[in-house]
Amino acid sequence: MHTTVRPLVFVFTVSLSLLPAAALAQAQPSAVRAYDTLPDWSGAWSMVGGTVFDRATQTGQGGATAAGVRSHPPYNAEWEAIYKSHLERRDKNLFPDTISNCGVPAGFPRHFNLPDPYEFVVRPEQVWVLTENGPNVLRIYTDGRKHLEDQWATYTGDSVGHWEGDTLVFTTVALKGYRDKDVILDRTGLVLSDQSRATTRIRKTDPKTIQVQMTIEDPKALTKPWVVTKQFTKMPEGTRVYDYGCAENNRNPADIDTGKTLVIGPDGKPLNKE
Amino acid sequence: MRTHALLGALAFAALLAAGAPVTAHHSGAGFNSDKVIELTGTIKEFQFTNPHTWIQIIVEDDKGAKVEWSVEWGSPNSLGRQGIRPSTFPPGAKVTMRLRPMINGAPAGGFVGAKFEDGRTVGRWE
């Protein structure tokens with residue numbers, strides 16, 4: 001066994017020595033908490049309330065399709081107009097959900113606004129927030145690394161953070177937002193710009209509740225920071241989490257011409273094209 | 001075929017309480033949220049697939065023609081966690097089903113509840 005492993009170790013060591021110094025520096029962990037000192041967030045968790053982004057202001061049933069059950073984020077005039085145009089299209093079933101055609105991540109901060117189970121996987125050097133719906137993965141680096149200065153924008157962005165006691169604090173940057181019109185926050189058509197970023201605090205407030213508080217800044221779309229709190233409740237012990245093969249049998253794609261959500265009949269043709 | 005609208009309080013209560021939502025993946029805007037209809041037919045297939053399950057049921061219309069209805073329900077994952085299985089709607093079973101019909105009258109809708117010939121019920125059936 002040893003005779004097999006030693007040459008591999010040698011090759012790996014030599015390979016590392018050839019890496020640029022900057023790359024090595026990024027890989028060096030620092031301030032990593034020992035596993036047995038980290039909080040226990042194991043199990044499956046479910047978001048409390050409907051998929052309306054600002055749950056704190058939800059006052060009625062109906063979630064995203066009911067008028068007046070959520071507050072506006074502090075949009076400036078330009079983005080308020082964008083949002084109102086989305087609401088008008090939503091009312092005509094012409095504002096497509098970006099994830100209806102399967103294949104793109106929900107993105108941040110919608111990552112914390114999904115149905116179906118969540119898992120919060122706590123490791124010393126990273127925390128992973130996994131969602132069955134999608135599926136989606138949010139990776140939060142806690143090994144001391146910093147955001148890249150030249151990080152390109154993605155759906156979920158780049159998240160780095162640290163622990164303050166049993167509270168995980170992290171920043172998320174490099175978000176696409178609504179730049180390419182394929183990231184929304186909820187089905188009311190709530191959107192943010194590619195200048196959005198967030199500082200998020202996650203903590204367990206009691207054995208059955210995880211709280212996620214996001215302070216969202218967006219100098220292009222918002223007039224001031226927007227604070228949103230989401231709650232997640234623990235599902236029964238032993239809850240299983242499954243595949244979410246969105247493309248397996250998606251009979252509700254969005255019409256690429258109109259944005260209308262279609263219902264596909266047994267013959268493969270839409271029942272509500274017109 | 002037997003179809004009739006159950007309007008008013010019954011329909012509203014059913015909407016609020018109907019099992020797993022079918023709107024987890026999309027808006028559900030094609031269905032009439034103010035109306036529940038009831039129809040009786042024979043199960044053709046239960047598509048226990050993501051992102052949503054679909055119950056295909058053959059129903060005779062008023063002229064005796066057989067029409068295939070598509071009834072959408074929750075994700076197989078969420079339903080599976082509630083005890084629903086692919087065998088819950090076996091092909092050939094006779095069933096009476098309540099659903100929120102499509103706004104445009106097409107033979108499809110959102111599942112509310114079902115009752116089999118032996119009296120067994122699935123979903124909301126009060």
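Within any chain, residue numbers begin from 1 and follow the written order of that chain's sequence. Throughout, the order in which chains and ligands are written sets their labels, letters from A for the former and numbers from 1 for the latter. Where local features are concerned, this predicted model is filtered to residues with pLDDT of at least 70; where side-chain atom pairs are given and counted, the filter is 80 or more; whole-chain, interface and lining totals use all residues. The side-chain figures draw on all heavy atoms in the structure; neither hydrogens nor water molecules are used.

**Student:** Explain the nonpolar core to me, please; I cannot follow it from the model alone.
**Tutor:** A general trend in soluble globular proteins is that nonpolar side chains are found buried together. What is meant by a nonpolar core is a set of buried Ala, Val, Leu, Ile, Met, Phe, Trp, Tyr and Cys residues, joined one to another through side-chain atoms within 4.5 Å. Here the term buried applies to any residue with accessible area under 20% of the maximum for its type, exposed to any over 50%, and partly exposed to those in between, with areas from a 1.4 Å probe on protein chains only. The biggest cluster of nonpolar side chains holds 42 residues, and the ones touching the most others in it are Phe112, Tyr118, Phe120 and Phe232 of chain A. The dominant element in this core, judged by the number of residues it contributes, is strand S8 (residues 209-217) of chain A, at four residues. With residues near it in sequence (within four places) discarded, Phe120 of chain A still touches Trp41, Trp45, Phe112, Trp128, Val129, Ile210 and Phe232 of chain A. Residues Phe46, Trp69, Leu79 and Phe116 of chain B belong to the second largest nonpolar core, which totals 21 residues. Strands are runs of DSSP state E lasting at least 2 residues, helices are runs of H or I lasting at least 4, and numbering of each runs from the N terminus. The criterion used for residue contact is that any of the two residues' heavy atoms lie within 4.5 Å.

**Student:** Even after reading the chapter, I still don't get the environment of Leu192 of chain A, so can you show me in this structure?
**Tutor:** All names here are of chain A. The residue Leu192 is located in the loop between strand S6 (167-173) and strand S7 (197-206) in this model. Sequence separation between Leu192 and Asp218 is 26 residues; the distance between their C-alpha atoms is 7.2 Å. When residues no more than four places from it in sequence are discounted, the contact partners of Leu192 are Trp79, Pro109, Gly177, Tyr178, Leu185, Ile216, Asp218 and Leu222.

**Student:** Would you mind showing me how to read the interface of chain A and chain B here?
**Tutor:** Interfaces are often described in size by the accessible area the parts lose on coming together. In this complex, chain A contributes 32 residues to the contact, which on the side of chain B involves 27 residues. Take a side-chain nitrogen of Lys or Arg and a carboxyl oxygen of Asp or Glu: if they are within 4 Å of each other, that pair is a salt bridge. Arg81 of chain B is paired through a salt bridge with Glu132 of chain A; the nearest N and O atoms lie 2.8 Å apart. In protein, a polar contact requires one atom able to donate a hydrogen and another able to accept it; more generally it is a pair of N or O atoms within 3.5 Å, and residues adjacent in sequence count only if both atoms are side-chain atoms. Inspection of the region where chain A meets chain B yields 13 residue pairs in polar contact (both at pLDDT 80 or more).

**Student:** Help me understand the confidence of the model for chain A in this model?
**Tutor:** Low-pLDDT stretches of the model should not have their predicted coordinates read in fine detail. Residues and elements named next belong to chain A. Scored from 0 to 100, pLDDT reflects the predictor's confidence in each residue. Looking at chain A, pLDDT values average 84 and 82% of them are 70 or higher. Contacts for the low-pLDDT stretch residues 1-29, under 50 throughout, to residues beyond four places or in other chains number six contacts. Note on residues 56-69: pLDDT under 50 across the span, and 20 contacts to partners over four residues away in sequence or across chains.

**Student:** Which parts of the structure should I look at to understand the side chain of Asn249 of chain A?
**Tutor:** If you trace the backbone, Asn249 of chain A turns up in the segment after strand S9 (226-234). A polar side-chain atom of Asn249 of chain A sits 2.8 Å from a polar atom in the side chain of Thr49 of chain B.

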